[in-house]
Amino acid sequence: MFNATFAALCLITFCRLDVLGFEAVGQRLDPDRAVIECRVVEGDPWGVSSAG
C-alpha cells in the first residue's frame, strides 16, 4: 500500500457516537472489558422520553 496515512484514534468516530447523537465523556479500560461513558448531544427526533 503506497502513501498510507494514520491518524490518532477518536472514540467518537470509531464507535460512530456522533451518528447516534452521543459524545464520549469518559472511558474505563479493564482487562476483560471497555466502558465508554456518553452523554446525549442532540434531542430525540421522535420525542420519546425514557422517563416513561
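Scoring rules and cut-offs
Residues numbered from 1 in each chain as written. Predicted model: local features only at pLDDT ≥ 70, side-chain atom pairs only at ≥ 80, totals over all residues. Heavy atoms only, no water. Buried < 20%, exposed > 50% of the residue type's maximum accessible area, 1.4 Å probe, protein only. Helix = DSSP H or I, 4+ residues; strand = E, 2+ residues; numbered from the N terminus. Pairing = 2+ DSSP bridges. Contact = heavy atoms within 4.5 Å. pLDDT = per-residue confidence, 0-100. Salt bridge = Lys/Arg side-chain N within 4 Å of Asp/Glu carboxyl O.

A. Representation of the pairing of strand S2 (residues 33–40) in the model. The element S2 is largely exposed, with a buried count of zero among its eight residues. Counted between consecutive antiparallel strands, the loop separating strand S1 (residues 22–30) from S2 contains two residues.

B. A look at the environment of valine 35. Looking at where valine 35 falls in the secondary structure, it is placed in strand S2. Dropping the residues within four chain positions of it, valine 35 is found in contact with Gly26, Gln27 and Arg28.

C. Region of interest: the pairing of S1. Both S1 and S2 contribute to a ladder of eight bridges, which runs antiparallel. Looking at S2, one finds that alanine 24 is bridged to cysteine 38.

D. Local environment of the confidence of the model for the protein. Looking at the protein, pLDDT values average 75 and 63% of them are 70 or higher. Across the protein, the element-wise mean pLDDT spans from 74 in helix H1 (residues 11–14) up to 88 in S2.

E. Just the pattern of salt bridges, in detail. For the structure shown, the criterion picks out three salt bridges. The salt bridge partner of glutamate 23 is arginine 39, with a shortest N-O separation of 2.5 Å. Taken together, the residues glutamate 23 in strand S1 and arginine 39 in strand S2 connect sequence positions 16 residues apart. Residue glutamate 23 is classed as partly exposed on the basis of its relative accessible area of 27%. Classification of arginine 39 as partly exposed rests on a relative accessible area of 48%. For aspartate 30, the salt bridge goes to arginine 33, with nearest N and O atoms at 3.6 Å. We classify aspartate 30 as partly exposed; its relative accessible area is 24%. Each of Arg28, Asp30 and Arg33 takes part in salt bridges that share partners, so that together they form one network.

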